[in-house]
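# Summary of the model geometry
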Amino acid sequence: MTETSTVQTPTTSELATMPMAKALNAGLDAALAADDRVLLMGEDIGTLGGVFRVTEGLQKTYGENRVLDTPLAESGIVGSAIGLAMRGYRPVCEIQFDGFIFPGFDQITSQLAKLTNRHEGNQAFPVVIRVPYGGHIGAVEHHQESPEAYFAHTAGLRSVSPSTPHDAYWMIQEAIASNDPVMFFEPKSRYWQKGAVDLSAPSVPLHASRVVRVGSDVTVLAHGAMVAVLLQAAELAAEEGISLEVVDLRSISPIDYAPILESVRKTGRLIVAQEAPGSVSVGSEIAATVAERAFYSLEAPVLRVSGFDVPFPPAKLEGVYLPDADRILEAVDRALAY
Amino acid sequence: MTDPTENTTPTPVQFIAPDGSFAPNAGADEYRDIAESIDDAMLQRMFHDMTLVRAFDVEAGNLQRQGQLALWVPSHGQEAAQVGSAFATRAQDHVFPSYREHAVGFVRGIDLMNVIRLLRGVTHGGWDPKDPRNGNFHLYTLVIGSQALHATGYAMGIALDGASGTGDLEADQAAIVYFGDGATSQGDVSEAFVFAASYQTPQVFFLQNNHWAISVPVTRQSRTPLFHRGTGFGIPSVQIDGNDVLASYAVTAKNLDDARSGAGPRLIEALTYRIGAHTTSDDPTKYRTDDELASWVARDPIARFQTYLRARGADDAFFADVAAEAKDYAADTRRRTLALESPPAELIFENVYTDEHPLTAEQFDWLERYEESLEGGDAR
């Protein structure tokens, strides 16, 4: 992905170019090296290195007691991670695919999310749940979904999603350092896309959103893989003389509204994009909040560009379902028509 | 359908027969040394704790009926299973209860007023498991069976820390998790068995089969004796008479020490009975017979133990002292319950997160301003 304008270009010698999967691997490696209470656990993450190879080589480096190949049971993975956290560990669980998170849903939402509250603050639960999510990979059912809204709706959890290798490298380390449970949504269609990683410093704090392309006519906002689609749309719009300001949400819970509102007060128009179905979604929440807080700045209603409210379709039809740059530009035209 | 509690081979481990006589059966052989090592002072402490918690439990049920508690979950009838197993834990062990283990918590040292606070609706938790005074007794878990995985993860941590299997029984740690017959149908309990067996965790699964999951009999949960489940997962398992405090103590002590020594997880199925209702919202007369209830009342764990203690020489004065103390404890529970204050409104925003979270902070600020506006003006 091409970052422009406001993004600071690192100048140190610690700049490296790598795909997101490798950046995550390097981030996990750094976290394992920094704190021996950090454990990785999940299905096929050890010997195989995970089905996406995000944990490749880590078991060899840190041993079977730090990188655990678990039985094939998501509730078991999350539930035992909770017990390990009570013991003082900082477990990082890998859920193999987005659609396989639901067998662990009770342990995540009724236990992990609520346990700090139930313990009246006497016990922290620093558990990270890594979830490769989203479409664009041509896979079978349950392998291309975007379930983040379920978790963003649940108090006690934090939810984030990086869009670049640089953010992936730093955000996974920051998520592991968090004393609260963090749902870490990895846009798996971006796993193999290379980008610059500044190994010396993160860009912004874990829960900050930020402008990744400066523009003046319409603000477009997304998280994860959709950010790249927005940047593509911005390039196309520029050819037509329309200037899009692109905001990378980065954090879904909590949502950092300050940069969003600042941008909307400048452009007067907002489009929120996401792969997930639009009804009762992260985009719905942002649209409602921006309408409440920036009503007099808006020149047009906040528009959502989302997946349709249908099951994620068979792979041959994913292109129909997933918002692309053209659907973003169609919404831009509608916003500008007001 | 066959009754899984009847189809038991070998016979459940038993030391004290329902009539109070000391009559160890064949299954008790390997635990006999442990049972006979308990001195009279400890036996009397066990009786004391069983009696006090029953008095507490009855009084708490009364308090609920009088509107002082949102709900009560009776432990009545399960005191031998709970007190025996709790006495068998060592100080360094970690205990993961379901939500009916009042007697276990009492033995481990928590103030049972914390359970009252939970069921009065003052808190979702009630005590700090990390506070040394609370005996590593973890919080109640209301989603059936979820705590089995927490205990298993905790026990994985014990093993990873090298805090088990060193050969020092006084230092090696183990976890024990309590759950019921209904919970055995939950996936989480099976997943806990899988993880425990796979990682050979130092832990004991303590299953109190009280024969009823609200209105559903154990025959609906299982066609086989429940302790056979453990064997299928590769977990050595044993069934005991859960109304015999000696059996509960001796078998739990042996199995916890095996587990802490590195031999892997163990499962104990304690056959007992929920004399009371599932909760105060329940009406057991709708689903179980008077005859069945009477047959279990005849096997009451406290009455049986009392007969046994008398035969060992405990005198009227001892029993009178315990009865008086139990009566005082119940009265004290009532007095302290009535004195409980409601929590402050801001409690709902506290400890949702450990680190700062802007959304809860904003909503807390809003609530404060809203309440000030009501107090400050003529808004209402």
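Rules and cut-offs
- Residues numbered from 1 in each chain as written.
- Chains lettered and ligands numbered in written order.
- Predicted model: local features only at pLDDT ≥ 70, side-chain atom pairs only at ≥ 80, totals over all residues.
- UniProt positions renumbered as here; feature names shortened; annotations may be inferred.
- Helix = DSSP H or I, 4+ residues; strand = E, 2+ residues; numbered from the N terminus.
- Buried ≥ 20, exposed ≤ 12 C-beta atoms within 10 Å, placed from the backbone.
- Contact = placed C-beta atoms within 7 Å.
- Rg over C-alpha atoms; globule rule 2.2 N^0.38 Å.
- Pairing = 2+ DSSP bridges.
- Axes fitted to C-alpha atoms, helices over the stretch in contact; angles between N-to-C directions.
- Domains from an automatic or database assignment.
- Core = buried A, V, L, I, M, F, W, Y, C linked by C-beta atoms within 7 Å.
- Right-handed = clockwise from strand over helix to strand, strands pointing away.
- pLDDT = per-residue confidence, 0-100.
- Nonpolar A, V, L, I, M, F, W, Y, C, P; charged D, E, K, R; others polar.

- Looking at an unreviewed UniProt entry, one finds chain B named 2-oxoisovalerate dehydrogenase subunit alpha and attributed to Labedella endophytica.
- Regarding chain B, the UniProt comment filed under Sequence similarities (unreviewed entry) reads as follows: "Belongs to the BCKDHA family."
- Within the UniProt record for chain B, the comment given under Catalytic activity (unreviewed entry) is "N(6)-[(R)-lipoyl]-L-lysyl-[protein] + 3-methyl-2-oxobutanoate + H(+) = N(6)-[(R)-S(8)-2-methylpropanoyldihydrolipoyl]-L-lysyl-[protein] + CO2".

- Per an unreviewed UniProt entry, the recorded name for chain A is Alpha-ketoacid dehydrogenase subunit beta, and the organism is Labedella endophytica.
- Quoted verbatim from the Cofactor (unreviewed entry) field of UniProt, the annotation for chain A is "thiamine diphosphate".

## A word on the overall build of chain B
- Looking only at helices and strands, chain B features 14 helices and seven strands.
- Seen through its principal axes, chain B has C-alpha atoms that stretch 80 × 50 × 45 Å.
- Here chain B, with 380 residues, has 50% of them falling under the buried criterion.
- Considering only residue pairs separated by 6 or more positions, chain B has 76% of its internal contacts joining residues 24 or more positions apart.

## Observations concerning the overall build of chain A
- In terms of regular secondary structure, chain A is built from eleven helices and 14 strands.
- Its C-alpha radius of gyration of 19 Å places chain A within 12% of the 20 Å reference for a compact globule of 338 residues.
- Considering only C-alpha atoms, chain A reaches an extent of 60 × 45 × 45 Å along its principal axes.
- Within the span of chain A, comprising 338 residues, buried residues form 57% of the whole.
- The long-range share in chain A, meaning contacts at least 24 apart out of those at least 6 apart in sequence, stands at 80%.

## Considering the environment of Ser146 of chain A
- For Ser146 of chain A, the position within the fold is in the loop between strand S5 (128-133) and helix H5 (148-152).
- Excluding residues that lie within four positions of it along the chain, Ser146 of chain A makes contacts with Asp98, Tyr133, Gly134, Gln274, Glu275, Ala276 and Gly307 of chain A.

## Here's the deal with the sheet that holds strand S3 (residues 203-209) of chain B
Residues and elements named next belong to chain B.
- What the five strands build is an open sheet, ordered S1-S2-S3-S7-S6; its pairing is parallel. Both outer strands of the open sheet, strand S1 (94-96) and strand S6 (237-241), are each paired with one neighbouring strand and no more. Within this sheet the neighbouring strands show an average axis-to-axis angle of 20 degrees, counted without direction.
- The pairing of S3 with strand S7 (residues 266-271) spans six bridges and is parallel. Of the residues in S7, the one forming a bridge with Gln208 is Ala270.

## Comments concerning unusual backbone geometry
- Cis geometry marks the peptide bond from Ser253 of chain A to Pro254 of chain A; its omega dihedral reads -5 degrees.
- The phi dihedral of Val280 of chain A falls on the positive side, at around 55 degrees, and the residue is not glycine.
- Position of Val280 of chain A relative to the elements: it lies in the loop between strand S13 (270-277) and helix H9 (282-293).
- The residue Ile214 of chain B is not glycine, and still its phi comes out positive at about 45 degrees.
- Along the chain, the position of Ile214 of chain B falls in the loop between strand S4 (212-213) and strand S5 (216-217).

## Observations regarding the domain arrangement of chain B
- Here chain B is partitioned into domain 1 (26-338) and domain 2 (345-376).
- Relative to domain 2 of chain B, the C-alpha centre of domain 1 of chain B lies at a distance of 39 Å.

## Remarks on the nonpolar core
- Within the largest apolar cluster, 191 residues are counted, with the highest numbers of intra-cluster contacts made by Leu230, Ile271, Ala273 and Ile328 of chain A.
- When near neighbours in sequence (up to four residues on either side) are disregarded, Ile271 of chain A contacts Val218, Val220, Leu303, Val305, Ile328, Ala331, Val332 and Ala335 of chain A.

## Considering the pairing of strand S4 (residues 90-94) of chain A
Residues and elements named next belong to chain A.
- Along S4, five of the five residues are buried, which leaves the element largely enclosed by surrounding structure.
- Alternating residues of S4 divide into Arg90, Val92 and Glu94 and Pro91 and Cys93, and every residue in both groups is buried.
- In this sheet, S4 lies alongside strand S2 (residues 38-42) in parallel orientation, the contact comprising five bridges. Among the inter-strand pairings, Met41 is bridged to a residue of S4, identified as Cys93.
- Looking at chain direction, S4 and S5 are connected through three bridges and run parallel. Looking across to S5, one finds that Val92 is bridged to Val128.
- For the crossover from S4 across helix H4 (residues 105-118) to S5, the handedness is right-handed.

## Let's talk about the confidence of the model for chain B
- Averaged over all residues, the pLDDT of chain B is 94; the fraction at 70 or higher stands at 96%.
- For this predicted complex, the interface score ipTM comes out at 0.95, alongside a pTM of 0.95.

## What to know about the pairing of S6 of chain B
- Most of S6 of chain B is tucked away, with five of its five residues classed as buried.
- Residues Ser237, Gln239 and Asp241 of chain B of S6 of chain B are buried on one face, and the alternating residues Val238 and Ile240 of chain B, pointing to the opposite face, are buried as well.

## Examining the domain arrangement of chain A
Residues and elements named next belong to chain A.
- What the domain assignment lists for chain A is domain 1 (18-198) and domain 2 (210-336).
- At the interface, 24 residues of domain 1 touch 21 residues of domain 2.
- Put simply, the parts of the chain that give the side of domain 1 that touches domain 2 at least two residues each are H5, strand S6 (158-160) and strand S7 (182-187).
- Looking at the side of domain 1 that touches domain 2, its residues break down into nine nonpolar, ten polar and five charged.

## Re the sheet that holds strand S12 (residues 251-253) of chain A
Residue and element names in this part refer to chain A.
- Overall, mixed pairing links the seven strands, which are arranged S3-S2-S4-S5-S7-S6-S12 in an open sheet. Unpaired on one side and paired on the other, strand S3 (67-69) and S12 mark the two borders of the sheet. Recorded for the sheet is a direction-independent mean angle of 20 degrees between the axes of neighbouring strands.
- Its contacts with the sheet put helix H6 (residues 165-177) on S2, S4, S5, S6 and S7, and the angle it makes with S7 is roughly 165 degrees.

## Some details on the interface of chain B and chain A
- If you look at the interface, chain B gives 33 residues, while chain A gives 33 residues.
- Elements supplying a minimum of two residues to the side of chain B that touches chain A: helix H6 (146-160), helix H7 (187-199) and helix H14 (358-376) of chain B.
- Among the elements that make up the side of chain B that touches chain A, the one with the highest residue count is H6 of chain B (eleven residues).
- Considering only residue class, the side of chain B that touches chain A consists of 14 nonpolar, 13 polar and six charged.

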